[in-house]
Every structure is written in structure tokens, then in C-alpha cells.
Amino acid sequence: MTQVPTKNKAEVVTFGCRLNTYESEVMKNHAEQAGLMDTVIFNTCAVTAEATRQARQSIRRTRKERPDAKIIVTGCAAQVNPESFAKMAEVDQVMGNEEKLHADSYRDFGIADSEKLLVNDIMAVKETANHLIEGYQERTRAFVQVQNGCDHRCTFCIIPYGRGNSRSVPIGEVVTQVQRLVDNGYLEVILTGVDITSYGPDLPGKPSLGVLCQKILKLVPGLQRLRLSSIDSIEADEALFQVITQEKRLMPHLHLSLQSGDNMILKRMKRRHSREDSIEFCRRVRAARPDVVFGADIIAGFPTETEEMFENSLKLVDECDLTYLHVFPYSAREGTPAAKMPPVAKEVRKARAARLRARGQEKFDAYMRDQIGKLVSILVEKPDGDGKAVIGHTEYFAPAKITALFSLDNLTSGHIAKARVTGYEQGILISELAD
């Protein structure tokens, strides 16, 4: 969760994904232009029941701390179950995921006869408009939305009902947004969406994500670092493979939506790939670009998962040589097919998630120690301590610290520095500026 510091003007509290982070900037701009004061907007997430619970808790806490503030709730949790938020006494208005991105929604807010519920059918939305933004509060890397919604119906996932069907932002509009951010000093951009590898079929000429990346890198030469958010490797076409393996400005860090390492569980999840597909994709990418580092989402304790099935997920961590694991104990979402399947005991889910995280930590630690002595490129994010160090991430998205005997005042947020790794402590690389 990201929270903007308390001020008189409108604030946005963001839960969940990078797409929400992008959309929160759009919403903040609309609210400021509408002149909303003493207003808190909650941009919620529905990916797990826990995410929704945290949003409710934060709404109640904010009302106690700021009894006179106006509270707007939007995002995926509000889109999926708007009535539950509308029933909360603390909430003044509930907006849908489409409505939150329209300036008129904020200009109309506060009118005495306005409806508390401003949520329409997300499945009826056929296009995703580009919303030009100048930058982000933290001036390091910027997120650019290229796609929204999802056409797939994984049995555990509620998100398509919060985001609607897949729709893409035209290439020209994406390029314009990236150029604007580069002109404003951003050196790194992350392409984001709900299912970005499904980009393009709804656009003229049916361009793919790979084609989009090629256009961005060609038409915005000032962009130094391009990243992809989570990708579905089974949808990666030859153009995307070429970008990943041949374009050095495409950062060598890929986060994969794997979810499980067992074929039967993948089938029951209604995923479109097999464990063999995942292993082959990682092998093929590494054969062409050996320095690529992989992360992945994996769910532990999906309904019907046996110990043997879980072991296949554990094995996949090594077989794909995963460095960054996002592990989720299965959380049933009402209205999804998986919620009706025979469940795995909660304590077993938690134990399996802990085992996966432990294996992931071992892989992460081994990778980080292997970086010692290597030259890396670090995007500076913030100072650390007394000005004798700065913190950021390498091109491989490894957290890193640059230390110096003297001041590093010239290394401001958003600056890219060459550094040599000298150590690894408490989850972060220690480095010194390279000559």
C-alpha cells in the first residue's frame, strides 16, 4: 500500500498492482483539477481477500482520524463488490474502475444530489484511453499503462470482473507518453497492465507487445531503461523474444505469471501453459541472453493440491532458476470456480507457502552473493542515512546501496550510476562507484 502524505488537497491511498499506481496518478491529477479539498481516495485491490480487508481497515482508520474528510472508494474491490463499500458509513462515494479515470467524476463529486454509487458494467467497456501524466511523486522510474482487462478466466482470479475484457492503448499514444516522461527526466519506464502479453489484437494491424517495445525503443532514443511488468510467457511471440534477448535497453529482469509447477493444478487453474512450457521458455531466453534474471508468482495450496503436486512447484524454482519469488497461499474469492473446489487445509497452505518462500530466499541469497565483484548499473531512488550512501536497484532489479567516504550529493533520485558490488548484507547489495 502506498499513501500520499496528509495535506489539505485530495490524497490517494493505493493498494495492489503497478497499474493501480499509474491510475492513482491520473486520479490525483483529476481530483486536483476539480479542486477537491480534504478528500481521501482509496484505490483498492481485489487480488486476495486480505487486500480487500486491509482497504476496509484503512478506510475505517482514516474516518476516525479525519472525521470531516470526504472519502471516495474505487479500484478492483469496489468494482467487484460496490454495494459492500457503499454500505460502509465511513464512505461518501464508490466509483468504478472506468469512472475513476474520467475527470467529470471528480467535478461532479460533492453535489448534494449525487449518487453514492458511480459504478457501471466494466464488461461493456471496449477501449482503454491513454491518460498523459507528467510524472510521479517519487521521481525515479515511471509506469506507463499499455493495456487493461483480461480475456482469460483463470479459476482462482476475480480480476477480470474488476477490470473487464482485454483492451489495448494504441502504440502512438504509448510512445507519446513515454516521450513525455523522458522529456521530464525519467530514464526508466515500466510497461504495465493486467495482462500485457495479450496486447494488441483489438488494435488495427494487431501489433503485439514485442512490436510495441520495438517501436518505443526506436522512437524514444532517450529512454535508457525499459522494463516489463509481469508477463505470461506462453503468449510471448518472436518479436517479444527478440526484444528480450537482443535489446540491451530492455532490462534483463522478467517476472513470469507461472502460478504452479504441477500440470494437473495448472489445468484446474485453467492456465494455458504447462510446467514444460515454463522451463523451455526460461531455457530458451537464457541461451540467447545468459544474464537474464527471472521472478515468478506461485500459489501454494490451490484446491486439490497434494504434497506431490506441491513438490513440483518447489522443483520448478530450480528448473526455471527463479531468483525472485512472489508466493501466495491460496485465498478463495467468492464467485470464482476455484472457491467451489475441495480446499486444502489453511494450515497446510500456510506451511507450503513458507517452504516456497524459504526456497526462494535461498535462491535470492545465492544470486546476490554471486554479484559480488561485478559491475552493475544502479538507478538511484533515495539517500540512505547521513548522505554517505544512496539506495536503488540494479538493471536486474536487485536492491543495491552505493557507499562512499565522501558525500554523494550529485547522485540524486533518477540518476543511473555505474558501481562495483563489494558485498551483500541484509538483503541488499553493497557497492562503490566505479572509476
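Now for a look at the structure at hand. (Residues numbered from 1 in each chain as written. Predicted model: local features only at pLDDT ≥ 70, side-chain atom pairs only at ≥ 80, totals over all residues. Heavy atoms only, no water.)

### With respect to the packing of helix H7 (residues 171-183) against helix H8 (residues 209-219)
Two numbers describe a pair of packed helices, the interaxial angle and the distance between the axes.
For step 1, the next point in the chain: Put simply, H7 and H8 touch, their axes get as near as 10 Å, and they point 40° apart. With respect to H8, the element H7 is oriented oblique. Where H7 crosses over H8, the two elements pack in a sense that is right-handed. Of H8, the residues touching H7 (which contributes Ile171, Val174, Val175, Val178 and Gln179) are Val211, Leu212, Lys215, Ile216 and Leu219.
For step 2, the next point in the chain: Here the residues of the contact of H7 with H8 sort into eight nonpolar, one polar and one charged. (Axes fitted to C-alpha atoms, helices over the stretch in contact; angles between N-to-C directions. Helix = DSSP H or I, 4+ residues; strand = E, 2+ residues; numbered from the N terminus. Parallel < 35°, antiparallel > 145°, perpendicular 65-115°, else oblique. Left-handed = near helix turned anticlockwise from the far one by under 90°. Contact = heavy atoms within 4.5 Å. Nonpolar A, V, L, I, M, F, W, Y, C, P; charged D, E, K, R; others polar.)

### Thoughts on the sheet that holds strand S20 (residues 428-433)
For step 1, the next point in the chain: If you trace the five strands once around the closed barrel, you get S16-S17-S18-S20-S19, paired in mixed fashion. In this sheet, adjacent strand axes meet at a mean angle of 50° when their direction is disregarded.
For step 2, the next point in the chain: Pairing of strand S18 (residues 399-403) with S20 involves four bridges; the strand directions are parallel. In the strand pairing of S20, threonine 403 is matched with glutamate 432.
For step 3, the next point in the chain: Of the strands in this sheet, S18, strand S19 (416-425) and S20 touch helix H13 (residues 346-370), which is tilted by about 120° from S19. (Pairing = 2+ DSSP bridges.)

### What to know about the environment of arginine 227
For step 1, the next point in the chain: In this fold, arginine 227 is placed in strand S11 (residues 225-228).
For step 2, the next point in the chain: The spacing of arginine 227 and arginine 141 is 86 residues in sequence and 9.7 Å in space, taken between C-alpha atoms.
For step 3, the next point in the chain: Once residues lying within four places of it in the same chain are set aside, the contact partners of arginine 227 are Glu188, Val189, Ile190, Leu191, Met251, His253, Thr394, Glu395, Tyr396 and Phe397.
For step 4, the next point in the chain: Of note is the side chain of arginine 227, whose polar atom sits 2.9 Å from the backbone oxygen of threonine 394. (Polar contact = N/O pair within 3.5 Å; in protein donor to acceptor, adjacent residues only side chain to side chain.)

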